[in-house]
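So the chains spell out like this:
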Amino acid sequence: MSSFSLFGTSLKNLFSKPATKMYPAKPFEPFEATRGHVSIDIEKCILCGLCHRSCPVGAITVVREDKSWSIDALRCITCNDCVSRCPVSCLTMEVQYMPIAIGESISTFVKPEPKEEPEVEAEAGSEEEAELEAETEVEAEAEPE
Amino acid sequence: MSERTVIPFGPQHPVLPEPIHLDLVMEDERVVQAIPQLGFIHRGLERLVKTRDYMHFVYVTERICGICSFGHSYGYSQTIERLMGIEVPMRAEYLRVIWFELSRIHSHLLWMGLAADSFGYENLFYQCWRLRERVLDIFEKTTGGRVILSACNVGGVNYDIDNSELAGISQIIQKLKRDAKPLIKALVKDRSIKDRLVGSGYLSQEDAVKLSIVGPFARASGVEEDIRMFGVGGYGELAEFKPQTSTQGDNYARVAVRCNELLQSCDIICEMIDKIPDGPICEKPKGNPPEAQGIGRVEQPRGEVVYYVKGNGTRFLERFRIRTPTSQNVAGMVQLLQGCELSEVPLNILTIDPCISCTER
Amino acid sequence: MPMRNQVSDVEKIPQVFIEISLEEMHARVAEHIEDGWRFLQLCATTIESGIELVYTLGRGPEVENLVTNIANGDIVPSITDLAPAAFFFENETKELFGVNFKGIAIDFGGNFYKLSEPFPMNPDGFYVEIPADEPEPQVESEDELEPKPEAEPEAESADGGEADE
């Protein structure tokens, strides 16, 4: 029978550095395999919709007509199903956890049109679009000549 | 005849990992009767079987409980595989056993900390939980999550661990076993703790068999039953397996049985890592579950869990039910509380290792 | 590809599902428990013609299931006199499916879970009161798991009050 069994351990702990990580003074270092959030490289996406069908909670929506891919970060359970099933490997699981969201948490990505020089985004201003159209019209006229 | 008062215990109490309410009918300082009341965390997860197909339902089973998370996905996968006749590759079975035994170590360390806290030994509580962090770091390095692993699936496992990392895990577990021994010695050999534990909360072997109690609660009263000794899955590859039992039947015996199981799990993990073969890790299932019923059993840290599955030919299951050990042990707990003193109530409730969120899916 | 090269004893034993009628259920369970079988679980499933109850018993590596079909409104005899741990499952089945059991050791009277809709797993279920022609057996000895008569209405009225609010 003994008493004060943890005396040695407690004395050692008194003079060694703390067991906890000093966050937020030191940054948070996740492991390589940590499942934080899903991100997409929209240029590689072929809009097949496999991720939309395999998501168990319905966080991903793929609309072919609009060429958009959107994810609801608050619904995602980071199960890694979509990442493992993507046939072109455009989805990756990043290690950082998403910041706190209040209200809307859906992020939408639109696949850019191929063969246009600058990217045509949905929020692009009308002036830029008009310039692009003028350039392509000139090219179309120059070719047959 | 002295007056009787009713003291409510729970649902919030520092010693309980999950909410349960008890009405203790007291006569002075002695408990005459305890009436349990459950239902605080019932989420109706069994009804989700109608809207999630059988492959996606594994993510629901993982989220039933935080402590027993991997065990539920393991048992569900095993039951569906037996129903559909799927053969799992050997490497996947070994990996499943490794993660399952790690899950057992972390659950027992959590319980040892809570047990120490229930009689006021907070230093030991924090030391146990500090040791548990090493196991959670292993989980995060290999699967990406600390508590919800999403590693087990019907047909195999989702992540592979390469052999160099496995050798590193073996080193970590051997060091954990060396560092856990002073903590176990403090819990089991200290004189003041022995005064609290020996002789209190006694349950005889006949009562344990009559109330059909399972898990370390029953093994401490002399009932030698453990699902792992039937050799299902990766457990058939072990050289030998002997369940840890004791014949004393009091709180001290239950603490000792869980500490011995912790040390035995460390040995099992090192043995599995030495013997693991190479190969694929998953065999994709084809088709839907047939129109049949099936039963699967798994030994979780708290006891034996029974899974009942009924398929109907479509990709949605007809019925799925989990019978958790705490639902059997509640009857034993009510028996233990009759006649004990008020100060022993938290410890008596904790010795059955209640996991109420598994019980009331 | 390396597959499991030995099948365990448990998997060689086929899973047994025996269909019996409601009247012989109690007697069959009593026979099994005397033989050394242990009560494992009770599961109810909603089927078209009513409810299917599966009682599972285990002994060592063997598992035996007794299956019976009942209609909505049938009264089932309780097996808590043989296996006291079954009170949990019978109360749960009563609340989720609307099956009434006669003679449960600790009877919560419909207040086991606090549900917002009645019989969520069985939309056609309804509750049938047990006919009061014979008094329910009250055992007075302390080491049985049955509550004393004065404690039961106390717990029920407390729960009944909360449920009404």
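Cut-off values and rules
Residues numbered from 1 in each chain as written. Chains lettered and ligands numbered in written order. Predicted model: local features only at pLDDT ≥ 70, side-chain atom pairs only at ≥ 80, totals over all residues. Heavy atoms only, no water. Pairing = 2+ DSSP bridges. Helix = DSSP H or I, 4+ residues; strand = E, 2+ residues; numbered from the N terminus. Axes fitted to C-alpha atoms, helices over the stretch in contact; angles between N-to-C directions. Salt bridge = Lys/Arg side-chain N within 4 Å of Asp/Glu carboxyl O. Buried < 20%, exposed > 50% of the residue type's maximum accessible area, 1.4 Å probe, protein only. Contact = heavy atoms within 4.5 Å. Phe/Tyr/Trp six-rings, centres within 6.5 Å; stacked < 30°, edge-to-face > 60°. Lys NZ or Arg CZ within 6 Å of the ring centre and 35° of its normal.

Colleague: For the sheet that holds strand E3 (residues 68-72) of chain A, give the residues involved together with the corresponding values.
Modeller: In sheet architecture, strand pairing relies on hydrogen bonds along the backbone and comes in two forms, parallel and antiparallel. All names here are of chain A. Within the open sheet, the three strands sit side by side as E2-E3-E5. Their pairing is antiparallel. Among the strands making up the open sheet, the edge pair consists of strand E2 (60-63) and strand E5 (106-110). On average, each strand axis in the sheet is tilted by 15° relative to the strand beside it, whichever way the strands run. The pairing of E2 with E3 spans four bridges and is classified as antiparallel. Paired with Val63 across the two strands is Ser68, which belongs to E3.

Colleague: A description of the pattern of salt bridges should follow, citing residues and the corresponding values.
Modeller: All names here are of chain B. Tallying each qualifying case throughout the model produces 30 salt bridges over all chains. Between Asp226 and Arg228 there is a salt bridge; the shortest N-O distance is 3.3 Å. Residue Asp226 shares its accessibility class with Arg228, and that shared class is buried. Through salt bridges with shared partners, a single ionic network connects Glu101, Arg104, Arg219, Asp226, Arg228, Glu261 and Glu299.

Colleague: Please provide a residue-by-residue account of the sheet that holds strand E4 (residues 62-70) of chain C, values included.
Modeller: Residue and element names in this part refer to chain C. Spatial ordering of the open sheet is given by E1-E4-E3-E2, a layout of four strands whose pairing is mixed. Strands at the two margins of the open sheet, each flanked by one partner only, are strand E1 (16-19) and strand E2 (38-47). Direction aside, the axes of adjacent strands within the sheet are offset by 20° on average. As paired elements, strand E3 (residues 50-59) and E4 share nine bridges and run antiparallel to each other. Bridging across to E4, Glu52 finds its partner in Asn69. Across the sheet, helix H2 (residues 25-34) is in contact with E1, E3 and E4; its angle to E4 comes to roughly 170°. In this fold helix H3 (residues 87-97) packs onto E2 and E3, with an angle of close to 5° to the strand it touches most, E2.

Colleague: Run through the packing of aromatic side chains, naming residues and quoting values.
Modeller: Enumeration over the complete set of coordinates arrives at twelve aromatic pairs over all chains. Summarising the aromatic geometry, the rings of A:Trp69 and A:Phe109 are spaced 6.0 Å apart at their centres and angled 50° between planes, so their arrangement reads as tilted. Taken as a pair, A:Trp69 in strand E3 and A:Phe109 in strand E5 lie far apart in primary sequence, 40 residues in all. Given the relative accessible area of 1%, A:Trp69 is considered buried. A:Phe109 sits in the partly exposed class, given a relative accessible area of 32%. Look at C:Phe39 and C:Phe89: their rings are 5.6 Å apart centre to centre, the planes differ by 75°, and that puts the pair in the edge-to-face class. Of this pair, C:Phe39 sits in strand E2 while C:Phe89 sits in helix H3, placing them 50 residues apart in sequence. Take C:Phe39 and C:Phe89: they sit in the same class, and that class is buried. Taken together, B:Phe57, B:Tyr76, B:Tyr307 and B:Phe320 form an aromatic cluster joined through their ring pairs. Seen from the ring of B:Trp129, B:Arg132 lies directly overhead, with NZ or CZ sitting 5.0 Å from the centre. Geometry around B:Trp111 places B:Arg258 over its ring, the cationic atom sitting 4.4 Å from the centre.

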